[in-house]
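# Working through the structure, step by step
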Amino acid sequence: MRRVRLFVSSPGDVGDERGVARQVIDGLGYEPGLRGRAEIEVVAWDRPGGGAPILATRTPQASIDEGLPRPSECDIVVVLFWSRMGTPLPHPEYRKPNGEPYHSGSEWEFEDALAGRPAVLLYRRLPMAPIDPDDPDADQRWRQARLVREFFQRLRDPATGAILRGHKEYRTTEEFRTELAADLRSLVGRLVAQEDEPAVAAAPAPLWEGSPFPGLRAFTSRDAPIYFGRGREVDELLARLAGSRFLAVVGASGSGKSSLVGAGLLPRLAGGALPDVPDWLLPDHDPKSNQWNGLRITPGELGDNPFLALAVKLAPLIGGVPREIAGDLEERPEWIVEYLGRTLIGEPPGTETLLFIDQFEELFTTVGPDHVEPFVTLLVAASGSPRCRVVVTMRSDFYHRCVDVPALAGLLEHGQFPLATPGDTLFDMIMRPAERAGLTFEEGLPGRILADTGRDPGALPLLAYTLDELYRNRGTSRTLSHAAYEALGGVRGAIGTRAEDVFTNRLDDATQTVFSQVFRELVEIDDQGLAARRRAPLSQVAVDPPTRRFVDVFTDARLLVRSAEPGQPPVVSVAHEALFTSWTRLSDWIELIRDDLRLLRRVRAAAREWEENGRAEAYLWQHERLEPVYEMVERLNPELDPALAAFIRPEYELLLERFRHPEVEGYRRQSITDRLVAIGPPAIPGVLQALHSAHAGVRSSAGAALVRIGPPAIPGLLDAAAQPDAEVRLAALATLRQIGGARTLPTFTKALRDKDERVRSLATGALAAVDTPAAAKALTEAAKDADIDVRWRAVGALGTFGEAAIRPLLLSLHD
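Residues numbered from 1 in each chain as written. Predicted model: local features only at pLDDT ≥ 70, side-chain atom pairs only at ≥ 80, totals over all residues. Heavy atoms only, no water.

### Brief notes about the overall build of the protein
- The number of helices and strands found in the protein is 38 helices and 20 strands.
- Rg of the C-alpha trace for the protein: 41 Å, well past the compact-globule value of 28 Å for 815 residues, more than 25% over.
- Within the protein, buried positions represent 50% of all 815 residues.
- Summarising the internal contacts of the protein: among those between residues at least 6 apart in sequence, 70% fall at separations of at least 24.
- Taken as a whole, the protein presents about 38,600 Å² of accessible surface, with 51% of it coming from carbon and sulfur.
- Of the side chains in the protein, 95 bear a positive and 116 a negative charge, and the two mean positions are spaced by 3 Å. (Helix = DSSP H or I, 4+ residues; strand = E, 2+ residues; numbered from the N terminus. Rg over C-alpha atoms; globule rule 2.2 N^0.38 Å. Buried < 20%, exposed > 50% of the residue type's maximum accessible area, 1.4 Å probe, protein only. Contact = heavy atoms within 4.5 Å. Areas by Shrake-Rupley, 256 points an atom, 1.4 Å probe, with all protein chains shown as cover. Lys, Arg positive; Asp, Glu negative; His and termini not counted. Charge placed at Lys NZ, Arg CZ, Asp CG, Glu CD.)

### Things to note about the pattern of salt bridges
- Evaluation of the coordinates by the stated rule reveals 36 salt bridges.
- Linking arginine 389 and glutamate 352 is a salt bridge whose minimum nitrogen-to-oxygen distance equals 2.7 Å. Residue arginine 389 is found in strand 12 (residues 388–395), and its partner glutamate 352 is found in strand 11 (residues 352–357); the two are separated by 37 residues along the sequence. As far as burial versus exposure is concerned, arginine 389 and glutamate 352 are alike and both buried.
- For aspartate 552, the salt bridge is made with arginine 562, and the minimal N-O distance between the two is 2.8 Å. One end of the pair, aspartate 552, is in helix 23 (residues 545–556); the other, arginine 562, is in strand 19 (residues 560–563), and 10 residues separate them in sequence.
- Through salt bridges with shared partners, a single network forms among Arg230, Arg232, Glu233 and Glu236. (Salt bridge = Lys/Arg side-chain N within 4 Å of Asp/Glu carboxyl O.)

### What about the packing of helix 12 (residues 369–383) against helix 14 (residues 406–413)?
- At a minimum axis separation of 9 Å, helix 12 and helix 14 run at an interaxial angle of 35°. Relative to helix 14, helix 12 is oriented so that their crossing is left-handed. Counting all contacts with helix 12, which are made through Val376, Leu379, Val380 and Ser383, the residues of helix 14 involved are Ala407, Leu408 and Leu411.
- In terms of residue class, the contact of helix 12 with helix 14 is built from 6 nonpolar, 1 polar and no charged. (Axes fitted to C-alpha atoms, helices over the stretch in contact; angles between N-to-C directions. Left-handed = near helix turned anticlockwise from the far one by under 90°. Nonpolar A, V, L, I, M, F, W, Y, C, P; charged D, E, K, R; others polar.)

### Structural notes on the sheet that holds strand 2 (residues 38–43)
- Pairing is parallel across the open sheet formed by 5 strands, whose spatial order is 2-1-3-4-5. A strand with exactly one partner marks an edge of an open sheet, and here the two such strands are strand 2 and strand 5 (168–170). The sheet shows a mean angle of 25° between the axes of neighbouring strands, taken without regard to direction.
- Two elements, strand 3 (residues 76–81) and strand 4 (residues 119–125), share 6 bridges in a ladder whose sense is parallel. What sits directly across from phenylalanine 81, in strand 4, is arginine 124.
- Across the sheet, helix 4 (residues 138–153) touches strand 3 and strand 4, and the angle it forms with strand 4 is around 135°. (Pairing = 2+ DSSP bridges.)

### Side note on the environment of leucine 798
- Take leucine 798: it is sitting in helix 37 (residues 788–798).
- In this structure leucine 798 comes out as buried when scored by relative accessible area, which is 1%.
- For the pair leucine 798 and aspartate 13, spaced 785 residues apart in sequence, the C-alpha to C-alpha distance is 94 Å.

### Overview of the nonpolar core
- Residues Phe441, Ile449, Phe519 and Phe554 are the most contacted members of the largest nonpolar core, which totals 57 residues.
- Ignoring any residue separated from it by four or fewer positions in sequence, one finds isoleucine 449 in contact with Ile430, Phe441, Leu463, Leu467, Leu470, Tyr485 and Val491.
- In terms of nonpolar packing, the next biggest core, distinct from the first, is built from 48 residues, Leu656, Leu706, Phe748 and Leu779 among them. (Core = buried A, V, L, I, M, F, W, Y, C linked by side-chain atoms within 4.5 Å.)

### Looking at helix 15 (residues 426–436)
- Along helix 15, 11 of the 11 residues are buried, which leaves the element largely enclosed by surrounding structure.
- All of the buried residues along helix 15 are Leu426, Phe427, Asp428, Met429, Ile430, Met431, Arg432, Pro433, Ala434, Glu435 and Arg436.
- Phi turns positive one or two residues past the end of helix 15, at glycine 438, with a value near 70°.

### Quick word on the confidence of the model for the protein
- Averaged over the protein, the pLDDT score is 84; the fraction of residues at 70 or greater is 90%.
- Segment residues 198–203: pLDDT under 50, and 5 contacts once partners within four positions in sequence are set aside and those in other chains are kept. (pLDDT = per-residue confidence, 0-100.)

### Topic: the pairing of strand 12
- Strand 12 sits mainly inside the fold: 8 of its 8 residues count as buried.
- The alternating pattern of strand 12 places Cys388, Val390, Val392 and Met394 on one face and Arg389, Val391, Thr393 and Arg395 on the opposite face, and all of these are buried.
- Relative to strand 12, strand 6 (residues 246–251) runs parallel, the two sharing 6 bridges. Bridging from a neighbouring strand, phenylalanine 246 pairs with valine 390 of strand 12.
- Here strand 11 runs beside strand 12; their pairing, made up of 5 bridges, is parallel. Across the sheet, residue leucine 354 finds its bridge partner in strand 12, namely arginine 389.

### A short note on helix 23
- For helix 23, which comprises 12 residues, the first-to-last C-alpha distance of 16 Å matches the rise-based estimate of 16 Å (1.5 Å per residue) to within 8%.
- Among the residues of helix 23, those classed as buried are Thr547, Phe550, Val551, Val553, Phe554 and Thr555.
- Following helix 23 by one or two positions, arginine 558 has its phi on the positive side, about 65°. (Expected span 1.5 Å × (residues − 1).)

Right, dumping it as structure tokens:
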């Protein structure tokens, strides 16, 4: 077996990457090509249990140099930089060959590594961290950033720009993880390959039998070897338990609460994680019977009586009849201290009992109301015993129910641990259990699964379900493939398949019918048209028995999540947004209403903003934005509150109110005219109405607007040309004359005989200006009219038609 010393060096601003580096290094021993062939020794000042003692009598760097191998003495050195060079080293104790000081321990370690035999990996995070100029430490930050830039500039030839020393740049922690894993896999592989005969032969760690992924079940104490990604949380949980005898792990449905206690906390306690407690009486899971032994219960596992559930677990430990024990505890809950004491008879001094109550929310969903407060009294007594600690797991959406019970609120005040959705450790949750089972992934598949999963509450069990299905569909191969993943439908497909199964097989007909009613409250369409989860009050979604049943069943299936902030009413949301695209029933429904829901959400938000700003005109939408709103309202027929109804009032209606006012200034009227023309046809009826104004300026402006709108205004103008009011007819014909077109000739021909002389004159001039055979024919017929004024005007106009007018003019001489 090849022993590989790996030195990690960096300033303190890349702590996240240092943690990732440790995870990557820890997993190398389970790499398919390295299992049993390499032993990695991490050399780092902050390595848990293996760093250097930092002595007060020495400088930190001197302590590190004395307590750890130098970088030059190692096989591989990993150096990371971002925006800090690090803490300066004392001078002249540390100085470069040219006499200059080292700017930091990381710089010294890098240079020392180059002077020795190791392979040196240098990584740089980009972009530089932003610097707030108002930060009191801004000058120091700028100096550190400049030193980093200068450091990397020195890696190039100043004369030619040639790269003298290579490095890799990355922008995300995950990108760094990928690069580092690939680089270390290659370098360690080379070192292993150089060993002709391993100095020490060692059997590789035994492979996990069966699926290393739990599906939708929780991890148990027996699953500790395949439980990864929650080390930090387990450490924090242990620290809290060291100072408290009651601890509630509170988190969203599917966040991994039960697994954290079962596979994280319990094995660590068994290993002596709390020095003050030498031995424990702990619950233990039997995988053969799939049963918990010892004091692990759920309050409603035997119906509505939690005392009976606890008594059944106590009886084998102390010898007794469960119903008698349950009766005693119901009558005198404080007797739990005596019963717990009996469980420790014969155990070494200092041994404590752990009472683990999983799914504590059953106290409010399954347990009979008369049992709630007495059982809380039991918990208060148990956690008051010097030889017992109580750990419960509870969904956060039931927290508000707990604080309604004064004694329970008192326990929670100093004894709760909020559990968040895992972050960058999801990669470990995928890869490391597979490595323990000797499974491999086709290249790119883990990253694909990780991207498809996301980090939403409720995603964790769905990821585990998908991975378990991948394992079960792998055939005889030890490799999990893209093809199997695609056949399964990926994380999204797996979720969709489960959702349809739950909907079809676990809901009755009446409950199925409330599908739209439930999801209408839980789906929101964003500005990109994508469906997003909407957190809605539980009381708004579960309004009757069918909707309550729907929410309960989908929450139990971990497709919906109920949660609540302390002191706030519970809310419900979709567990994973992949449900929107993977579940065909839901995605088809979303597609039908996608655009309308998005637009309705946006216009409601805009109306609220308009209202909040005193209905200022600047916040109103223009016609072009309102047109789709009118179509949406017609389709959805939503209830419009007064503010929204006023907000979507057509823009041209507001403009025309000002346009028709005689006192509007000329420049303002022109601006309004320009906007009405831009709106076009929808504004035509209102502008035509302005032709009826008694104010000549309004009529003139209306005519000018209609001319610019053009042919779409002709039908309305033709109607206006037949109005009884001569002023309206005159304005309409003057506008039609400017627009032109063959459609107007009959109207002008008729107007040649109008009773108003001004109209007749305008019509005659209009036909003369057209200069077409049809116009000449109309004037020729008018030249024969019985009315001498009509004949006179027509004859005068015919003169403009040249030779074509000679014959009708000669005929007119006989009149």
